[in-house]
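Commentary on secondary and tertiary structure
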Amino acid sequence: MSLDSKAEFSKWRAFFWPIYRWELKKFLSMLGMFFLIALNYNVLRTFKDSMVVTAPQAGAEAIPFIKVWAILPSALLLTYIFTRLTNRFHREKVFYVMMSIFLAFFFVFAFVLYPLRDVLHPNQFADQLQSILPQGFKGFIAIFRNWTFTLFYVMSELWSTAIMSVLFWGFANEVTSVSEAKRYYGLLMIGANSASIFAGQMSYYLSTLPFIPSIPYGSSKWEQSICFMTCIVLAIGVVTIAIFRSLNNYLAISGEKTNQEAKKAEKIKLSLRKNFAYLAKSKYLICIALIVLTYNVAINLIEVVWKNQINALYPDSSDFQAYMGQVTTQIGIVATLASIFVVGNVMRCFSWTTNAMIPVVTMFVTGAGFFIFVMFQNSPIMSPLAALVGLTPAALGLMLGSMQNVFARSCKYTFFDATKEIAFIPLSDESKLKGKAAIDGIGSRLGKSGGSVIHQSLLLFCSTVAASTPYVAAIFIAISLIWMLAVISLGKKFDQLTAKNETLDVKEPEPALETPVFTKN
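Residues numbered from 1 in each chain as written. Predicted model: local features only at pLDDT ≥ 70, side-chain atom pairs only at ≥ 80, totals over all residues. Heavy atoms only, no water.

**Observations concerning the overall build of the protein chain**
The secondary structure content of the protein chain amounts to 19 helices and two strands. Each of the 521 residues in the protein chain was classed as buried or not, and the buried ones make up 57%. Split by element, the accessible area of the protein chain, about 21500 Å² in all, is 67% carbon and sulfur. (Helix = DSSP H or I, 4+ residues; strand = E, 2+ residues; numbered from the N terminus. Buried < 20%, exposed > 50% of the residue type's maximum accessible area, 1.4 Å probe, protein only. Areas by Shrake-Rupley, 256 points an atom, 1.4 Å probe, with all protein chains shown as cover.)

**Quick notes on unusual backbone geometry**
A positive phi angle, close to 55 degrees, is found at Gln57, a residue other than glycine. Structurally, Gln57 can be placed in the loop between α2 (24-53) and α3 (62-88). Classification of Gln57 by relative accessible area gives partly exposed; the value is 47%.

**Section: the packing of aromatic side chains**
One pass over the structure, following the stated rule, counts 32 aromatic pairs. With 5.7 Å between their ring centres and 75 degrees between their planes, Tyr295 and Trp483 make a pair best called edge-to-face. Here Trp483 lies in helix α19 (residues 465-499) and Tyr295 lies in helix α13 (residues 283-313), a separation of 188 residues in the sequence. A network of ring pairs unites the aromatic residues Phe105, Phe106, Phe109, Tyr114, Phe149 and Phe152 as a single cluster. The ring centre of Tyr114 lies 4.2 Å from the NZ or CZ of Arg117, which sits over that ring. (Phe/Tyr/Trp six-rings, centres within 6.5 Å; stacked < 30°, edge-to-face > 60°. Lys NZ or Arg CZ within 6 Å of the ring centre and 35° of its normal.)

**Considering the pattern of salt bridges**
Here the structure, examined in full by the defined rule, presents 13 salt bridges. Of the charged contacts in the structure, one is a salt bridge between Arg183 and Glu23, with a shortest N-O distance of 2.9 Å. Of the two residues, Arg183 sits in helix α9 (residues 178-208) while Glu23 sits in the loop between α1 (11-16) and α2, which places them 160 residues apart along the sequence. Exposure remark for Arg183: the relative accessible area of 14% places this residue in the buried category. The exposure class of Glu23 is buried, given its relative accessible area of 7%. Put simply, Arg91 and Glu174 hold a salt bridge, and the shortest N to O gap is 3.4 Å. One end of the pair, Arg91, is in helix α4 (residues 91-113); the other, Glu174, is in helix α8 (residues 147-175), with 83 residues separating them in the sequence. (Salt bridge = Lys/Arg side-chain N within 4 Å of Asp/Glu carboxyl O.)

**Topic: α9**
Spanning 31 residues, α9 covers 45 Å between terminal C-alpha atoms, matching the ideal 45 Å at 1.5 Å per step. At Tyr184, α9 shows its largest bend, some 35 degrees. In terms of burial, α9 is largely enclosed, as 22 of its 31 residues are buried. (Expected span 1.5 Å × (residues − 1). Bend = angle between axes of the 7 residues up to and from the residue.)

Remember that the coordinates give geometry; whether it matters functionally is a separate question.
This is the structure we're talking about:
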């Protein structure tokens, strides 16, 4: 380390680039990994929505059923696999194995499952079910009818949980201190958010490419775009693995090991039961879990209604994909600008609680405005209001929903992700690993599944998304208020720990231990 390691940055450098030169190898490798992982996440996110919502006999009604009956069990299985791998191998090998699982699936989907979809999909049996069951079961039948698309949706959704949240952020939190995180994480968000811009434009470009007869894949431009997308995802995945390998070699050579390796601690054994026992024993971890849970419930409640509107105006798969690509680009632009000019300085100048309240307030204000318009878009006053901006009420409602998604997602990719990850840092190594595995591995899925259960229940009684919207809006407001209370409670505990330079160590549940143990760093 250089002699000027403790030197203060100049005003402009502190604003734009608060990184010391001896940190460049470590930081740039982390930035490159996060950019590529986020690029794949955003590409997969736009394609999975387009594939499922525009599938035969499907629609936005299929999404709540997928998240409950497909994603939640898959998340439990994936978390079990992760815990078993972590108990047996070190984190570097776990990363390689998990990445290989995902990349192998996307290869098989594009070159085996998708080309054979007409043979593999049980359309005749699904038609029989549709004639017997009520209309409210349309979404449930759709996930069975188009089961290969459902599987693609599940793996695309789990990419963010397994690769981004658990693997990348788990690694980043191990090799980063609180002081480094305040300088690193804002810049890392810039990399991830700029990936949204590239992903959005890439998705739009792939969906608007004309059909190329010379390519021996597919019979339409949409089918060929699936092939191009898969090749890009696979290439990005391989490059990500190479960067991760290089970074681990650098940390080993430089002596800057992860906390576990540096302390040569006893290997931490994971199990699903013990992970959730950790959550039950610690109010601190419960608050983090509650924040993750309520965010995912809230965003899921809004997005099903919004995607239903997109499908009504853009029923074609390529058109739906092109629109989602443009929205993803706008999210990236807003989030990147916020990361450059706002997030870093706000995080350094204001408390954790203030930063963590920004996403929930943004979600509440924009979400409430969107629901109000959707519920009253057929009233006589809405047509003249929409005409003022040259749109129909349906088009104006879609625009407001898209704006809501842009601002809410931008806050998620900046303030929400950064504050959530910083909240893990004061934990001990064991508490951090077990708590993060439970919260990011299962908590986020439970949140999305919780929102989907709400939609499912309402669809069974109301039949359509539009008819259930007023009830969804009321539940959304209640969830947002719980989110705010969780932020305030966690902020008090976080400030207490960091002010005293303490580490929170949540011990195994035992009769003799009734309270968490705090140790000085």
